[in-house]
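# Per-entry structural report
Letter by letter, the chains look like this.
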Amino acid sequence: MLEEVLINKQSFYKTKYTGNLEIINKHINHILEFDKGRQRTNIGGYQSNFINFGFEELINFTNIAMSKILEQDNLQPILDCFWLNINNGTNHNTTHIHSFNLMSCVYYHKVCCDKSPLVFTSMVPTIDTHEKKFIPDNQDIIFFDGIYPHRVDGCGNNDHERISIAFNYSYSLKEKR
């Protein structure tokens, strides 16, 4: 089931991943063994470089859901890139966007608690300070417009760990048959 949630005339979509978690754990462990990670919007924690192997079942699941979201505009999704995030409770991500003409999604493999939300902010924060907080559960997947500003708050507990995988999709017009 895919549920649309409105954000200040913007919306995001969410669903629950129902695939094999052990395969995802194996892929995560493999990445951690060979990828030292990178610094982007993450303050502390680990963010992998773009991943170019594995996660086939999860990718297929997100492709199907993204196709359903984009079909109303006669668009088809194209997976551009994806990466792994691992953070403890004091790590966080500063407010950022992904890009124009992109849809983004985040798969929440492991959630530490309800005090580490994904926070959507206004596109003009000096005029509108409205925020919409999404508190994920394990295996939630959220889809949103990549230009929508967002951040991830830390919960403050050092012994907590969050694991997510973020995806960026571009899109193209569907071919007429």
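By convention here, each chain's residues receive numbers from 1 onward along its written sequence. Totals for whole chains, interfaces and linings use all residues, but because this is a predicted model, local features are given only for residues with pLDDT of at least 70 and pairs of side-chain atoms are given and counted only at 80 or more. Excluding hydrogens and water, the side-chain figures rest on all heavy atoms present in the structure.

### Let's talk about the layout of surface pockets
Rolled over the atoms, a probe with the dimensions of a water molecule shows which regions are left empty. Any residue with an atom within 4 Å of a point lines the site, the site being either a cavity, points on a 1 Å grid over the protein atoms alone where a 1.4 Å probe fits but cannot get out, or a pocket, an open set with protein on both sides within 12 Å along at least 5 of 7 lines. Grid points are joined across faces, edges and corners, and a volume is the space filled by probe spheres set on the points. For the largest pocket, the calculated volume is near 460 Å³. If you go around the largest pocket, you meet 28 residues; those closest to its centre are Trp 83, Asn 85, Asn 93, His 96 and His 98. By definition, any uninterrupted DSSP run of H or I lasting at least four residues is a helix, any uninterrupted run of E lasting at least two residues is a strand, and each is numbered from the N terminus. Listing elements by their share of the lining of the largest pocket, those giving two or more residues are strand 5 (75-88), strand 6 (92-96), strand 7 (103-110), strand 11 (150-152) and strand 12 (161-173). The leading source of residues in the lining of the largest pocket is strand 12, at five residues. Amino acid classes used here: Ala, Val, Leu, Ile, Met, Phe, Trp, Tyr, Cys and Pro are nonpolar; Asp, Glu, Lys and Arg are charged; the rest, including Gly, are polar. Its residues assigned to classes, the lining of the largest pocket comprises 13 nonpolar, eleven polar and four charged. Of the volumes computed, that of the second largest pocket is approximately 180 Å³. When contributions to the lining of the second largest pocket are tallied by element, the ones reaching two or more residues are strand 2 (10-16), helix 2 (56-70) and strand 10 (140-145). If one sorts the elements of the lining of the second largest pocket by residue count, strand 2 sits on top with three residues.

### Here we look at the pattern of salt bridges
The term salt bridge refers to a pairing of a side-chain nitrogen on Lys or Arg with a carboxyl oxygen on Asp or Glu at a separation within 4 Å. Inspection of the entire model under this criterion finds six salt bridges. The partner of Glu 131 in a salt bridge is Arg 151, and the shortest N-O contact between them spans 2.9 Å. In this pair, Glu 131 sits in strand 9 (residues 131-134) while Arg 151 sits in strand 11, placing the two residues 20 residues apart along the sequence. Each residue is assigned to one of three classes by its accessible area relative to the maximum for its type, calculated with a 1.4 Å probe on protein chains only: buried under 20%, partly exposed between the two thresholds, exposed over 50%. Given a relative accessible area of 36%, Glu 131 falls into the partly exposed group. Its relative accessible area of 19% is what places Arg 151 among the buried residues. Residue Arg 151 pairs with Asp 153 through a salt bridge whose shortest N-O separation is 2.8 Å. The pair formed by Arg 151 and Asp 153 is uniform in burial state, with each residue classed as buried. Each of Glu 131, Arg 151 and Asp 153 takes part in one network of salt bridges that share partners.

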